[in-house]
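Overview (structure and organization)
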Amino acid sequence: MQSVTSATTFTALVTAIGLAGSGVGLQLSDGVGACLSHCATTTHYNPVCGSDYVTYTNPSTLLCWKKCRYPELSVAHFSSCIDWITGQNQV
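Quick look at the structure, then. Nothing here was measured: the structure is a model prediction, and the numbers come from that model.

Definitions and limits used
Residues numbered from 1 in each chain as written. Predicted model: local features only at pLDDT ≥ 70, side-chain atom pairs only at ≥ 80, totals over all residues. Heavy atoms only, no water. Helix = DSSP H or I, 4+ residues; strand = E, 2+ residues; numbered from the N terminus. Polar contact = N/O pair within 3.5 Å; in protein donor to acceptor, adjacent residues only side chain to side chain. Phe/Tyr/Trp six-rings, centres within 6.5 Å; stacked < 30°, edge-to-face > 60°. Buried < 20%, exposed > 50% of the residue type's maximum accessible area, 1.4 Å probe, protein only. Contact = heavy atoms within 4.5 Å.

Moving on: unusual backbone geometry. Positive phi is not limited to glycine here, since Tyr53 has a value of about 60°. Mapped onto the elements, Tyr53 comes out in the loop between strand 1 (48-50) and strand 2 (55-56).

Inspection of the secondary structure puts Thr55 in strand 2. A distance of 2.8 Å separates a polar atom in the side chain of Thr55 from the backbone nitrogen of Cys81.

Under the definition given, this model contains 2 aromatic pairs. Summarising the aromatic geometry, the rings of Tyr53 and Trp84 are spaced 6.2 Å apart at their centres and angled 10° between planes, so their arrangement reads as stacked. Pair noted here: Tyr53 is in the loop between strand 1 and strand 2 and Trp84 is in helix 4 (residues 81-86), with a separation of 31 residues, a long-range link. Here Trp84 falls in the partly exposed class, since its relative accessible area comes to 30%. Between the aromatic rings of Trp65 and Tyr70, the centroid separation amounts to 6.0 Å while the plane-to-plane angle is 15°, which identifies the pairing as stacked. Judged by relative accessible area, Trp65 falls into the buried class, the value being 5%.

For Ser74, the position within the fold is in the loop between helix 3 (59-68) and strand 3 (75-77). For Ser74, a relative accessible area of 35% puts it in the partly exposed group. Between the alpha carbons of Ser74 and Asp52 there is a distance of 8.2 Å; along the sequence they are 22 residues apart. Ignoring anything within four residues of it in the chain, the contact list for Ser74 reads Cys49, Gly50, Ser51 and Leu62.

Spelled out as structure tokens, the structure:
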């Protein structure tokens, strides 16, 4: 039963980080917020896992974060990070 609790905690942590990665609820004062607000993204949910292990809403959101804050950021996998890490993205 311990592994279920750990997995649940891990899922919650990754979800919270993923929301931060998509810009939800962040207040950035170093110009990043302004950059992100002018960055073209879509609202289409097509999650990607970044090389920072943050789930981004879609590839365009990841590209905006790459442009505005993390130039070294790349796509690690075309699914949510939790699905990729747990292998749930396999059909």
